[in-house]
Amino acid sequence: MAYLLDSGLALALNNTPTTATYASGGASGATSVVISAANANIAYDQTITGTGFAANTKVTSISGTTINFSPAATGQISGTINFATTWYKLTDHNRQSIEITPQLIEKEARMANGTMRKFIVAKKDTISTSWEFLPAKSADIVDGNYSGSWLTAFYNANVGLPIYLKLVASKHNDPATGAYPVDSSYATAQNTSKIYNVFITSLSKTVSKRTRVTDYIDMSIEFTEV
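Conventions used here
- Residues numbered from 1 in each chain as written.
- Predicted model: local features only at pLDDT ≥ 70, side-chain atom pairs only at ≥ 80, totals over all residues.
- Heavy atoms only, no water.
- Core = buried A, V, L, I, M, F, W, Y, C linked by side-chain atoms within 4.5 Å.
- Buried < 20%, exposed > 50% of the residue type's maximum accessible area, 1.4 Å probe, protein only.
- Helix = DSSP H or I, 4+ residues; strand = E, 2+ residues; numbered from the N terminus.
- Contact = heavy atoms within 4.5 Å.
- Phe/Tyr/Trp six-rings, centres within 6.5 Å; stacked < 30°, edge-to-face > 60°.
- 1 Å grid on protein atoms, 1.4 Å probe; cavity = no way out; pocket = protein on both sides within 12 Å on 5 of 7 lines; lining within 4 Å.
- Points joined across faces, edges and corners; volume = space filled by probe spheres on them.
- Pairing = 2+ DSSP bridges.
- Axes fitted to C-alpha atoms, helices over the stretch in contact; angles between N-to-C directions.
- Salt bridge = Lys/Arg side-chain N within 4 Å of Asp/Glu carboxyl O.

Looking now at the nonpolar core. If you look at the biggest cluster of nonpolar residues, it comprises 21 residues, and the most contacted ones within it are L11, L151, L165 and F223. Elements with a minimum of two residues in this core: strand 1 (9-12), strand 10 (116-135), helix 1 (148-158), strand 11 (163-167), strand 12 (194-210) and strand 13 (215-225). For F223, the residues in contact, after removing those within four places along its chain, are L11, D125, T126, I127, I163, L165, V198, F199, I200 and T201. Core analysis: the second largest hydrophobic core is formed by 13 residues, I42, V59, I67 and F83 among them.

Here it is, written out as structure tokens:
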């Protein structure tokens, strides 16, 4: 039986779904609405749903209690307004393996009797992958997700900002410290994922071939957990 898996990696500028209450404005054709109170969890590019909003409406800017959005409202906005995470799926077209490398932030020292003592401050992951002979243009790839040119532009705009990375892969739930994983907690990539808050720590690309329609590139990227 055939089935589909979600893209292995996806990016978001925020990951704080929230709601707000309509206060005023937002007539049919409007591109802004006023909510009842300021909400710091509302961010640029979040997807908006609720009465009066068109499909695929997104936040374009926020100023106090005024939310600007696009496309325009299809009817009078009212009631509860929902703001959801917007994920941008990176293509699996010619993608190589995804590597997850744990990094331990730790202190260790030998005691007077020679015994090693170790204190783990935190564990942070580095996630990296690469693509070979990838069409730069998203419209030319097999899964319709975001490709090389889009990813380059995203990197240029957000290289210094913490962003969110979703890794779609099978896993067991992490047990408590000092315990064993429970085998029944295993979940496949069809219904589980892990979300990281990361910086993009490196990106490189090589233009392998150019045509009048698109370039073909080899690209690699690395993310490091905040």
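Here we take up the packing of aromatic side chains. Each aromatic ring pair is summarised here by two numbers: the centre-to-centre distance and the angle between the ring planes. Here the structure, examined in full by the defined rule, presents six aromatic pairs. Ring geometry for F133 versus Y216: centroids 4.7 Å apart, planes at 15 degrees, classification stacked. With a gap of 83 residues between them, F133 in strand 10 and Y216 in strand 13 connect regions that are remote in the sequence. Residue F133 is classed as partly exposed on the basis of its relative accessible area of 39%. In this structure Y216 comes out as partly exposed when scored by relative accessible area, which is 22%. On the basis of an interplanar angle of 20 degrees and a centroid distance of 5.3 Å, the ring pair of W150 and F154 is categorised as stacked. Residue W150 and its partner F154 are both found in helix 1; the two are separated by four residues, about one turn of the helix. Judged by relative accessible area, W150 falls into the partly exposed class, the value being 22%.

Let us now look at the environment of F83. Here F83 is to be found in strand 7 (residues 78-84). Through-space distance from the C-alpha of F83 to that of I200 is 25 Å; in sequence the pair is 117 residues apart. When sequence neighbours within four positions are dropped, the list of residues in contact with F83 reads T16, P17, T18, T19, A20, I42, Q46, T47, I48, V59 and I67.

Further remarks concern the layout of surface pockets. To find leftover empty space, one rolls a probe the size of a water molecule over the atoms. What the largest pocket holds in volume is close to 360 Å³. For the lining of the largest pocket, the elements supplying multiple residues, two or more each, are strand 10 and strand 12.

One closed barrel accounts for six strands, arranged 2-3-6-5-4-7; its pairing is antiparallel. When the angles between neighbouring strand axes are averaged without regard to direction, this sheet yields 45 degrees. Pairing of strand 3 (residues 32-35) with strand 6 (residues 66-70) involves three bridges; the strand directions are antiparallel. In the strand pairing of strand 6, S32 is matched with N68.

The next point concerns the pattern of salt bridges. One pass over the structure, following the stated rule, counts six salt bridges. A salt bridge links R95 to D92, with the nearest nitrogen and oxygen atoms 2.9 Å apart. Relative accessible area serves as the criterion here: at 30%, D92 is assigned to the partly exposed category. What emerges from the salt-bridge pattern is a single network uniting E106, E108 and K118.

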